[in-house]
Amino acid sequence: MGAFNGCLAMKKPGTALTPRTAAPVDNSADALYAQIHDVLQQARRQAKRSINQTMVQAYWQVGKLIVEHEQGGEDRAAYGANTLQLLADRLGQEFGRGFSAPNLRNFRQFFLTYTQEEICYTPCSELGWSHFRLLMRVADPAARQWYAREAVSQTWSVAALDRQISTLSPSITSACSPARTRQL
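The shown structure was predicted, so the numbers you read here are calculated from the model rather than taken from an experiment.

Colleague: How should I be thinking about the overall build of the chain in this particular structure?
Modeller: Looking only at helices and strands, one finds 8 helices and 0 strands in the chain. Sequence-ordered secondary structure for the chain, helices as α and strands as β, is α-α-α-α-α-α-α-α. By the burial criterion, 29% of the 184 residues in the chain qualify as buried. A sequence separation of at least 24 residues applies to 55% of the contacts in the chain between residues at least 6 apart. When the accessible surface of the chain is split by element, carbon and sulfur atoms take 55% of a total near 12100 Å².

Listed below in structure tokens is the structure:
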């Protein structure tokens, strides 16, 4: 699948599975169990993160395909809502509810809002689809980047990100505006 341009094949440093607990000195079954438990828990977390990142990249690609189809090589789209609904019906039958017409519009907006580099090679790559859906509602690109960086560095859940956007949005937007940035 060359559509992802190698983005999925990139292995991040520090992803080796190693137990956090020290090697069992007394060879007790409890110490061995604790080490195995740590390795398996790490593997589960990494697998979940990998699946989430892969789906985010797939949603971006779906958005790209929709935009390219809508535009048909033109600079502007002759948008047909009927096409999205027909597509949603077909995809929904095979892949489930996640491919409704509103979700397809979200995928389209995702492609228009983010570059492939942003979702693959920046801290944004650590965010899940639900985070991106919230971030796309932030109109100001600088504020959106700030929220994305903070969500990653502070390990905000989706609920925490939503709360931050709801309570900080006006102050962050003004703090991130180009005029304000030049003054700092």
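This is not the end of the story, as more comes after the structure.
Colleague: I'm lost on unusual backbone geometry in this one. Help?
Modeller: Most peptide bonds take the trans configuration, and most residues that are not glycine carry a negative phi. The backbone of T155 shows a phi angle near 50 degrees, a positive value even though the residue is not glycine. Topologically, T155 is positioned in the loop between α6 (141-153) and α7 (158-176). Overall, T155 belongs to the exposed group, its relative accessible area being 67%.

Colleague: When you look at the packing of aromatic side chains in this model, what are you seeing that I'm missing?
Modeller: Two aromatic rings, taken as a pair, are described by how far apart their centres are and by the angle between their planes. Taken as a whole, this structure holds 13 aromatic pairs when the rule is applied. Pairing W146 with Y147 gives two aromatic rings, centres 5.2 Å apart and planes at 80 degrees, and the pair type is edge-to-face. With a relative accessible area of 22%, W146 lands in the partly exposed category. Note on Y147: relative accessible area 0%, which makes it buried. The ring of Y114 has R144 sitting right over it, with the charged end atom 6.0 Å from the ring centre.

Colleague: Please explain the pattern of salt bridges as it appears in this structure.
Modeller: When the charged atoms of two side chains lie near each other, side chains of opposite charge can form a pair. Taken as a whole and judged by the stated rule, the model has 3 salt bridges. A salt bridge links E68 to K64; the nearest nitrogen and oxygen atoms lie 3.9 Å apart. You can see E68 and its partner K64 sitting in helix α1 (residues 29-71), 4 residues apart, about one turn around the helix. Assessed through its relative accessible area of 26%, K64 is described here as partly exposed. Across the pair D162 and R137 runs a salt bridge whose closest N-O atoms are separated by 3.4 Å. Here R137 lies in the loop between α5 (129-135) and α6 and D162 lies in helix α7, a separation of 25 residues in the sequence.

Colleague: Sorry if this is basic, but what is going on with the nonpolar core here?
Modeller: It is characteristic of soluble globular proteins that their nonpolar side chains tend to be buried jointly. Ranked by internal contacts, the top residues of the largest apolar core, which has 33 residues, are F110, Y114, W129, F132, L135, Y147 and L161. Looking at this core, the elements that each hand over two or more residues are α1, α2 (81-95), α3 (101-113), α4 (116-121), α5, α6 and α7. Here F110 is in contact with V56, Y59, W60, I119, W129, F132 and M136, once residues within four sequence places are set aside.

Colleague: Explanation requested: the packing of α1 against α3 in the structure shown.
Modeller: For any two helices packed against each other, one specifies the crossing angle of their axes together with the interaxial distance. For the pair α1 and α3, the least separation of the axes is 7 Å and the interaxial angle reads 90 degrees. Here α3 runs roughly perpendicular to α1, going by the angle between their axes. Note on element contacts: α3 touches α1 through L104, F107, R108, F110, F111 and L112, opposite V56, Y59, W60, V62, G63, K64, I66, V67 and E70. Counted by class, the contact of α1 with α3 contains 11 nonpolar, 1 polar and 3 charged residues.

The rules behind the values
- Residues numbered from 1 in each chain as written.
- Predicted model: local features only at pLDDT ≥ 70, side-chain atom pairs only at ≥ 80, totals over all residues.
- Heavy atoms only, no water.
- Helix = DSSP H or I, 4+ residues; strand = E, 2+ residues; numbered from the N terminus.
- Buried < 20%, exposed > 50% of the residue type's maximum accessible area, 1.4 Å probe, protein only.
- Contact = heavy atoms within 4.5 Å.
- Areas by Shrake-Rupley, 256 points an atom, 1.4 Å probe, with all protein chains shown as cover.
- Phe/Tyr/Trp six-rings, centres within 6.5 Å; stacked < 30°, edge-to-face > 60°.
- Lys NZ or Arg CZ within 6 Å of the ring centre and 35° of its normal.
- Salt bridge = Lys/Arg side-chain N within 4 Å of Asp/Glu carboxyl O.
- Core = buried A, V, L, I, M, F, W, Y, C linked by side-chain atoms within 4.5 Å.
- Axes fitted to C-alpha atoms, helices over the stretch in contact; angles between N-to-C directions.
- Parallel < 35°, antiparallel > 145°, perpendicular 65-115°, else oblique.
- Nonpolar A, V, L, I, M, F, W, Y, C, P; charged D, E, K, R; others polar.

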